[in-house]
Amino acid sequence: MNGQRKRIGLLTGGGDCPGLNSVIRAVVKTAINIYGYEIIGFTDGYMGLVNNRFKKLTLSDVSGLLDKGGTILGTTDSFDPFNMTIDIDGEKQERDMSGRIVDNIKMHDIEALIVIGGINTITTGYRLSLLGVNVIAIPKNIDNDIPGTDATIGFISAVNTATEALDKLHSTAESHHRVMVLEVMGRRAGWVALESGIAGGADIILIPEIPYEINLIARRILERKKSGKNFSIVCVSEGCIPADKAKNADSPDDNCPKSMHNISSDIATELEKLTHLETRVTVLGYLQRGGEPSPSDRILTTRLGVEAVNMAAQGIYNKMAGISNNALCPIDLSEVAYKCKHVPVDGELVRIARNMGVSFGD
Ligand code: F6P
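What you see is a predicted model, and the numbers here were worked out from it, not measured in a lab.

Looking at the packing of helix α7 (residues 214-226) against helix α9 (residues 263-275)
(1) Moving on: The interhelical angle for the contact between α7 and α9, taken along N-to-C directions, is 55 degrees, at an axis separation of 10 Å. With respect to their mutual orientation, α7 and α9 come out oblique. Our pair here, α7 against α9, has a crossing hand that is right-handed. Along its contact with α7, which presents I214, N215, I217, A218, I221 and L222, the element α9 presents I267, E270, L271, L274 and T275.
(2) Moving on: Considered class by class, the residues forming the contact of α7 with α9 number eight nonpolar, two polar and one charged.

Structure (structure tokens):
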């Protein structure tokens, strides 16, 4: 402790999403107004902590932030301080720079470090906690793939964006009697496709957890046509995989492509061949990550931001602030790090979608 006011470090890591600024606002306001703490914001995620780039955050810094997309702290994707590429005499070398983080935390007299991020950011936080840093994590990403919380910050806003896209695609699909394929993000998990697919009335939903057979999708589209439905909407999660490539996998993670490659184009080409129906593709991309958070995301960010500071005040460290059954529920970082929360294939959402006649291509 600096002998005066308790200091808290704060950073945002990984891809941006709606709600990051809103959670920063909740942390700063609670820390200053309720506890009189100082908040040191590190810029561009862990990179700022390694390089000691920071700014002290004040109430005026967070004024008007509730509805703003992005993060005022900046962020970096795929940055690992335990395996950082640095330039030594013109040569690129891999180095473990976590010691620098520990030193900077000590130098600033930081009592607790609040990290807002996805699985990689939380896993790094967990590894830092093993080095003696007091870490509190707040789960965010549009993929909703973080265990220990019902929802991640940004997910509901992304589902709203994808649902709006599906609603709009319906107009053209119906007017032109087309098959419309919408590709949404989600990486290893199909939450965005599943929830927006249900909300937006998709006829076919493809997710990484349920490998698909293209012939079965084509058959469903032709059945719809026969019954008088001249169009079909296919909602595709970017990480979905055809059944013939998914054989012998123990977990959906084993099948998930390392990098995403617009699988919807392949699917649309094959569907057009099999159905002889005009098929068009829309890849929603980064539109899902930008813009203002939805009202429910603003409530979630506020709950988790306030809770993280309350945890710091009570000395509850090395945990993630999560929500379970709509109640705040801190969970050990060890139970979250390195993991992925997949869509349960026989869970309620998949079941009700099937009851509504949705095909998963299986
Ligand atoms: O994890 C969030 C996410 O938006 C994924 O859904 C998506 O695959 C990925 O990030 C895209 O990240 P990048 O910014 O590296 O393209």
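Okay, back to it.
A word on the pattern of salt bridges
(1) Moving on: Following the criterion strictly, the structure yields 19 salt bridges and no others.
(2) Moving on: The salt bridge partner of R178 is E278, with a shortest N-O separation of 3.1 Å. In this pair, R178 is assigned in the loop between α5 (155-176) and β8 (179-184) and E278 in the loop between α9 and β11 (279-283), connecting sequence segments 100 residues apart.
(3) Moving on: Each member of the salt-bridge network shares a partner with another, and the members are R5, R7, E38 and K56.

Some thoughts on the packing of aromatic side chains
(1) Moving on: Tallied over the entire structure, the rule returns two aromatic pairs.
(2) Moving on: For the ring pair Y35 and Y37, a centre distance of 5.1 Å and an interplane angle of 15 degrees mean the geometry is stacked.
(3) Moving on: Residue Y37 is classed as buried on the basis of its relative accessible area, which comes to 8%.
(4) Moving on: The side chain of R127 reaches across the aromatic face of F82, ending 3.9 Å from its centre.
(5) Moving on: In this structure, K341 packs its charged tip against the face of W191, placed 5.3 Å from the ring centre.

Some thoughts on the environment of G70
(1) Moving on: Relative to the helices and strands, G70 resides in the loop between β3 (54-57) and β4 (84-88).
(2) Moving on: Its relative accessible area of 17% is what places G70 among the buried residues.
(3) Moving on: Separated by 220 residues in sequence, G70 and G290 place their C-alpha atoms 6.6 Å apart.
(4) Moving on: For G70, the residues in contact, after removing those within four places along its chain, are D16, C17, L20 and N21.

Regarding the sheet that holds strand β9 (residues 204-206)
(1) Moving on: Spatially, β9-β10-β8-β11 is the arrangement adopted by the four strands of the open sheet, whose pairing is parallel. Looking at the sheet topology across the chains shown, the edges are occupied by β9 and β11. Direction aside, the axes of adjacent strands within the sheet are offset by 15 degrees on average.
(2) Moving on: Across the sheet, α7 is in contact with β8, β9 and β10 (232-237); its angle to β9 comes to roughly 165 degrees.

As for the domain arrangement of the protein
(1) Moving on: When the domains of the protein are assigned, the result is domain 1 (7-153 + 293-329) and domain 2 (156-290 + 344-355).
(2) Moving on: When each unit is reduced to the centre of its C-alpha atoms, the spacing between domain 1 and domain 2 is 33 Å.
(3) Moving on: Taken together, the contact between domain 1 and domain 2 spans 13 residues of the former and 14 residues of the latter.
(4) Moving on: Both sides of the domain 1 and domain 2 interface together cover about 1200 Å² of buried area, and 49% of this is carbon and sulfur.
(5) Moving on: On the surface where domain 1 and domain 2 come into contact, there are four salt bridges.
(6) Moving on: Run the count over domain 1 and domain 2 and you get five residue pairs in polar contact (both at pLDDT 80 or more).
(7) Moving on: Split by residue class, the side of domain 1 that touches domain 2 holds five nonpolar, four polar and four charged.

Some remarks on the sheet that holds strand β15 (residues 331-332)
(1) Moving on: With mixed pairing, the seven strands of this open sheet are ordered in space as β3-β2-β1-β6-β7-β12-β15. For this open sheet the edge positions go to β3 and β15, each flanked by a neighbour on one side alone.
(2) Moving on: Of the pairings in the sheet, the one linking strand β12 (residues 319-320) to β15 comprises two bridges and is antiparallel in character. Residue pairing across strands places K319 opposite D332, the latter belonging to β15.
(3) Moving on: Taken strand by strand, helix α1 (residues 20-34) contacts β1 (7-12), β2 (38-42), β3, β6 (110-117) and β7 (135-139), and its axis lies near 175 degrees from that of β1.
(4) Moving on: Relative to β7, helix α10 (residues 295-313) is tilted by about 170 degrees, and along the sheet it contacts β1, β6, β7 and β12.

Parameters at a glance
Residues numbered from 1 in each chain as written. Predicted model: local features only at pLDDT ≥ 70, side-chain atom pairs only at ≥ 80, totals over all residues. Heavy atoms only, no water. Axes fitted to C-alpha atoms, helices over the stretch in contact; angles between N-to-C directions. Helix = DSSP H or I, 4+ residues; strand = E, 2+ residues; numbered from the N terminus. Parallel < 35°, antiparallel > 145°, perpendicular 65-115°, else oblique. Left-handed = near helix turned anticlockwise from the far one by under 90°. Contact = heavy atoms within 4.5 Å. Nonpolar A, V, L, I, M, F, W, Y, C, P; charged D, E, K, R; others polar. Salt bridge = Lys/Arg side-chain N within 4 Å of Asp/Glu carboxyl O. Phe/Tyr/Trp six-rings, centres within 6.5 Å; stacked < 30°, edge-to-face > 60°. Buried < 20%, exposed > 50% of the residue type's maximum accessible area, 1.4 Å probe, protein only. Lys NZ or Arg CZ within 6 Å of the ring centre and 35° of its normal. Pairing = 2+ DSSP bridges. Domains from an automatic or database assignment. Buried area = accessible area lost by both parts, 1.4 Å probe. Polar contact = N/O pair within 3.5 Å; in protein donor to acceptor, adjacent residues only side chain to side chain.

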